[in-house]
Amino acid sequence: MSNSRDKSRSLFERAKEFIPGGVNSPVRAFRAVGGNPVFMRSANGAWLNDEDGNSYVDLINSWGPMILGHAHPLVEEAVRKALAGSSSFGAPTSREVDMAELICSIVPSVERVRMVNSGTEATMSAIRVARGFTGRDKIIKMEGCYHGHGDSFLIAAGSGALTFGSPDSPGVTKGTAADTLIAPFNDANAVARIIDSNHDQIAALILEPVVGNMGCVPPQPGYLHDLRKLCTSHGIVLIFDEVMTGFRLSLGGAQELYGVTPDMTTMGKIIGGGLPVGAYGGRRDIMESVSPVGPVYQAGTLSGNPLAMAAGLAMVSYLKSHPEVYQHINTTTSHLVEGLKKQLFSKGLGYTINQVGSMFTLFFTDRIVTDFATATTSDTALFGRYFNSMLSQGIYMAPSQYEAMFISQSIDDSLVERILSASEVALGSL
Ligand code: HOZ
């Protein structure tokens, strides 16, 4: 490990000449934590390797999809094989049928599914379908939840929008913003009040059933069930955005874990095995609104791309036949979280760590974090110093207080010890 990051620095300078902020997705610019982003050259298993020859234990795993670790041989082999047969056809292929069948077999609420190219596309399409199906215009979203960068969702949004203080983005028209109604996460009564004052006008309620995008925030007991009941009694399409949680919190996602059945689900990340992908699906009657069966239009030249399908099929099939992966990543995450809690407690620092399965966030606040208001009591400057100390010791965390971390199968207890040693040093330096 050279410890210099000169090549990353000069790549960033060059990038800024041609790419807004030097990055293709804002959180990567490291603005929330200070310093320059690290440019990656390769990765294998638990390890990321940067352009300067430094290596890092990866706690982001591409924000979720690399659940099996980087460059998993089965995924690599599947993509190589698919590539030899052309990278795109713009025509149907058998892999798309296999993928749809596999998803429907794992997630029973999904009776029909349409592949797209990103989580953003999936959520945008899902609400269009919900609007077309119900003939209503408004949607409810939760403060601090992030559903990609579609106009309707950039109201009180989490993730990079929250990190950079622009949860309501310029460029979203007043009309679009007025159709998005906001409730605090974990407050079903607030949702009931919104429904009462917008009688028969709400097409959909969309949420991350476990939030990843204001940091990891679990649903309170009964919350998802209460939302299910409200949506059922008012004819509102309940959409679970499982782009992060799907195939991660359990094979069947958060809906399996909490035993709540949404009407529609949006997916991405793991189902592409690390290649660009998204999908939306749900009840057959709702999904039959989609063109060419129904009138709601949605299309894509690269949708169902053979490389993405090959990678996703390899990854999801592996997960389906290896349930022990979930046991491993959940236990490893618990060991890490327990170790961090001990350290933070002995240093007398105010903290909350939220963990659901293999997702977790360390919030530098002494408040219990249940929603946007409590998440944003965190000391982001302290987080930035902790982050940078961890980075300099070869631990790659999400570069924002308001993101979750994702543990892969490649992380074991010896790496947990390594992360905890780095954390001891980082906390000592705050
Ligand atoms: N907004 C993404 C995570 N919540 C970040 C994606 C990226 O920067 O790659």
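Residues numbered from 1 in each chain as written. Predicted model: local features only at pLDDT ≥ 70, side-chain atom pairs only at ≥ 80, totals over all residues. Heavy atoms only, no water.

Draft legend 1. Summary view of the layout of surface pockets. Size it by volume and the second largest pocket reaches roughly 640 Å³. In terms of lining residues, the second largest pocket is bounded by 27 residues, among which Glu96, Val113, Arg114, Met115 and Ser303 are the most central. Every element with two or more residues in the lining of the second largest pocket is listed here: helix H3 (94-106) and strand E4 (112-116). Per-element tally for the lining of the second largest pocket: the top contributor is E4, with four residues. For the lining of the second largest pocket, a count of residues per class yields 14 nonpolar, nine polar and four charged. (1 Å grid on protein atoms, 1.4 Å probe; cavity = no way out; pocket = protein on both sides within 12 Å on 5 of 7 lines; lining within 4 Å. Points joined across faces, edges and corners; volume = space filled by probe spheres on them. Helix = DSSP H or I, 4+ residues; strand = E, 2+ residues; numbered from the N terminus. Nonpolar A, V, L, I, M, F, W, Y, C, P; charged D, E, K, R; others polar.)

Draft legend 2. Inspection of the packing of helix H2 (residues 73-83) against helix H11 (residues 306-321) at higher detail. For the pair H2 and H11, interaxial distance at closest approach is 8 Å and the crossing angle is 150°. Considering their axes alone, H2 and H11 lie roughly antiparallel with respect to each other. Considering only the axes of H2 and H11, their crossing is right-handed. Packed against H2, whose contacting residues are Leu74, Val75, Ala78, Val79, Ala82 and Leu83, the element H11 presents Pro306, Leu307, Ala310, Ala311, Ala314, Met315 and Tyr318 at the interface. Considered class by class, the residues forming the contact of H2 with H11 number 13 nonpolar, no polar and no charged. (Axes fitted to C-alpha atoms, helices over the stretch in contact; angles between N-to-C directions. Parallel < 35°, antiparallel > 145°, perpendicular 65-115°, else oblique. Left-handed = near helix turned anticlockwise from the far one by under 90°. Contact = heavy atoms within 4.5 Å.)

Draft legend 3. How the structure looks around the sheet that holds strand E12 (residues 359-363). One open sheet holds the three strands; their spatial order is E11-E12-E14, and the pairing between them is antiparallel. Each of the sheet's edge strands pairs with one partner strand only, and the pair in question is strand E11 (352-356) and strand E14 (405-406). Judged from the two bridges that link them, E12 and E14 form a sheet pairing that is antiparallel. Its bridge partner being in E14, methionine 359 is matched across the sheet by phenylalanine 406. Where helix H12 (residues 324-347) meets the sheet, it contacts E11 and E12, and its direction lies at approximately 175° from that of E11. (Pairing = 2+ DSSP bridges.)

Draft legend 4. Looking closely at helix H14 (residues 380-392). Along its 13 residues, H14 runs 18 Å from first to last C-alpha, staying within 8% of the 18 Å computed at 1.5 Å per residue. Turning to H14, its buried residues are Leu382, Phe383, Gly384, Tyr386, Phe387, Ser389, Met390 and Leu391. The inward-facing, buried residues of H14 contact strand E3 (55-58), H12, E12, strand E13 (395-396) and helix H15 (413-428). Regarding H14, its N-cap is aspartate 379, as a side-chain oxygen of that residue lies 3.2 Å from the backbone nitrogen of alanine 381 further along. In the stretch just after H14, glycine 394 is the one whose phi turns positive, near 85°. (Expected span 1.5 Å × (residues − 1). Buried < 20%, exposed > 50% of the residue type's maximum accessible area, 1.4 Å probe, protein only. Polar contact = N/O pair within 3.5 Å; in protein donor to acceptor, adjacent residues only side chain to side chain.)

Draft legend 5. Fine view of empty space enclosed by the protein. Summed over all chains, the structure comprises three cavities of 30 Å³ or more. Together, Leu59, Leu336, Leu340, Phe360, Leu362, Tyr386, Met390, Met397, Met405 and Ile419 line the largest cavity. When contributions to the lining of the largest cavity are tallied by element, the ones reaching two or more residues are H12, E12 and H14. For the lining of the largest cavity, the residue count by class is 10 nonpolar, no polar and no charged. Around the second largest cavity, the lining residues are Arg136, Ile195, Asn198, His199, Asp200, Gln201, Ile202, His234 and Ile236. Looking at the lining of the second largest cavity residue by residue, the class counts come to three nonpolar, four polar and two charged.

Draft legend 6. Seen up close, the nonpolar core. In terms of nonpolar packing, the biggest core is built from 83 residues, with Ile103, Phe247, Ile271, Leu319, Tyr386 and Met397 touching the most fellow members. The element best represented in this core is H11, accounting for 11 residues. Apart from residues lying up to four places away in sequence, isoleucine 103 is in contact with Val110, Val113, Met115, Phe247, Met267 and Ile271. Core analysis: the next-biggest nonpolar cluster, separate from the first, contains 32 residues, Ala190, Ile194, Met214 and Tyr223 among them. (Core = buried A, V, L, I, M, F, W, Y, C linked by side-chain atoms within 4.5 Å.)

Draft legend 7. Region of interest: the site of the ligand. Taken together, Ser25, Arg28, Trp63, Tyr146, Ser159, Asn213, Met244 and Glu403 form the complete shell of residues around the ligand. A distance of 2.8 Å separates a nitrogen atom of the ligand from a polar side-chain atom of serine 159. In this structure, glutamate 403 approaches the ligand through a side-chain N or O atom, which is 2.8 Å from a nitrogen atom. Taking 290 Å² as the accessible area of the ligand by itself, protein coverage stands at 87%. By residue class, the composition of the shell around the ligand is three nonpolar, three polar and two charged. (Near = heavy atom within 4 Å. Areas by Shrake-Rupley, 256 points an atom, 1.4 Å probe, with all protein chains shown as cover.)

Draft legend 8. Up close: the sheet that holds strand E2 (residues 47-50). Strand order in the open sheet formed by four strands is E1-E2-E3-E13, and the pairing between neighbours is mixed. Only two strands of the sheet have a single partner each, and these edge strands are strand E1 (40-44) and E13. Direction of pairing for E2 relative to E3: antiparallel, over a ladder of three bridges. Following the sheet pairing, asparagine 49 is matched in E3 by serine 55.

Draft legend 9. Just unusual backbone geometry, in detail. In this chain, serine 291 is followed by proline 292 through a cis amide linkage whose omega measures 10°. Within the secondary structure layout, proline 292 lies in the loop between helix H10 (284-287) and H11. Positive phi, normally seen in glycine, also occurs at phenylalanine 30, with a value near 65°. Following the sequence through the fold, phenylalanine 30 ends up in the loop between helix H1 (6-18) and E1. Positive phi, close to 50°, is recorded for alanine 156, a residue that is not glycine. Checked against the element boundaries, alanine 156 lands in the loop between strand E5 (138-142) and helix H5 (159-163). For alanine 156, a relative accessible area of 14% translates into the label buried.

From the geometry alone we can't say anything about function, so treat these as descriptive.
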